[in-house]
Amino acid sequence: MASAPQANRLPVLFNDLVPLNSKDHAKFRSRTMDGAHFLKNQHAIPLTVEEFPAAQRHYPIIFSAGAEPVPLALMGMNEGVNVFLDDNGKYRQPAYVPAYIRRYPFMLARLRPDAEELSLCFDPTCEALGEFEEGDALFDGDQPTETTKNILKFCEDFERAVQGTAFFMEELKKHDLLMDGELKIEHQTLSQPFVYQGFQMVNEEKLRDMRGDELRKLSQNGALPLIHAHLFSLQVMRDLFAQQAADGKVPNLPAQATTAS
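Since this is a predicted model, take the numbers as computed values, not measurements. (Residues numbered from 1 in each chain as written. Predicted model: local features only at pLDDT ≥ 70, side-chain atom pairs only at ≥ 80, totals over all residues. Heavy atoms only, no water.)

**Comments concerning the sheet that holds strand E1 (residues 18-19)**
How we decide: Think of it this way: DSSP has to see at least two bridges between two strands before they count as a pair. Helix and strand assignments come from DSSP, with helices taken as H or I runs of at least 4 residues and strands as E runs of at least 2, each series counted from the N terminus. Contacts: residue pairs with any heavy atoms within 4.5 Å of one another. Axis definition: a line fit to C-alpha positions, over the contact stretch in the case of helices; interaxial angles, taken between N-to-C directions, run 0 to 180 degrees.
If you walk across this open sheet you meet the three strands as E1-E7-E6, and the pairing is antiparallel. The open sheet terminates on both sides in strands that have one partner only, identified here as E1 and strand E6 (106-109). The pairing of E6 with strand E7 (residues 119-122) spans four bridges and is classified as antiparallel. Bridge pairing in E7 places Leu108 opposite Leu120. Against the sheet, helix H3 (residues 146-174) touches E6 and E7, its axis set at about 60 degrees to E6.

Laid out in structure tokens, this is it:
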């Protein structure tokens with residue numbers, strides 16, 4: 001099933017988290033990575049609702065299974081498969097890059113469960129950060145550089161977008177619009193349709209049957225266009241499957257079915 005970030009483990013992509021500070025990281029620099037190798041085995045990336053209009057042209061937008069679903073940009077139909085990247089970890093074709101990926105290796109996090117403030121942290125296993133000769137300095141003495149200030153602002157903007165996404169998800173749940181998803185994909189290499197399950201999607205029948213005043217509220221608060229972007233994006237699922245099949249990465253399952261693990 002489609003996997004969402006869990007509260008009791010590190011977020012997707014992160015192997016560790018360390019608070020950034022001028023004492024321990026005074027000589028740290030941020031350099032450009034040669035490809036997104038950290039992304040090669042990731043098949044689904046969290047997405048904020050602000051990104052739906054741009055992302056829906058390139059990725060199927062689905063919702064994770066479970067009681068607390070989150071939007072996900074699907075980059076492969078099976079766990080460990082990402083059809084958007086080549087063997088060098090670079091995008092095969094130009095495509096929208098989700099903010100969650102652009103934020104890495106940084107994020108805002110609470111240093112203690114009871115802490116009110118969020119601190120800027122980073123993944124120390126990322127090859128983009130370290131005491132290098134090249135790259136942009138993160139500190140000038142004990143003060144953050146413009147690079148670090150811009151990173152902090154991006155992370156703060158991302159957190160605000162996450163809050164907006166949570167409001168959107170509450171609207172979907174309030175109107176009981178989510179249902180277990182199932183898509184059947186026809187392909188020339190298969191004798192019967194490929195069935196994709198284990199995620200959630202908007203129930204179009206319930207959406208059509210909503211009262212006019214409820215639809216008007218969804219339109220006024222911006223949720224309705226986002227719902228349509230999600231539904232339109234599901235057509236991209238067939239392109240995703242076709243690319244994965246061309247790469248020879250479709251599992252030969254007995255029932256020719258798979259889930260968004």
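Picking up where we left off.
**Concerning the environment of Leu13**
By secondary structure assignment, the location of Leu13 is in the segment before E1. Measuring from C-alpha to C-alpha, the distance between Leu13 and Cys126 comes to 9.9 Å, with 113 residues separating the pair along the chain. Not counting residues within four places of it along the chain, the set of residues in contact with Leu13 comprises Phe38, Leu39, Gln42, Ile45, Tyr100, Ile101, Tyr104 and Asp123.

**Focus on the environment of Gly141**
Along the chain, the position of Gly141 falls in the loop between strand E10 (139-140) and strand E11 (143-144). The spatial distance from the C-alpha of Gly141 to the C-alpha of Ala26 is 6.8 Å, given a sequence separation of 115 residues.

Any functional reading would require information beyond the geometric quantities listed.
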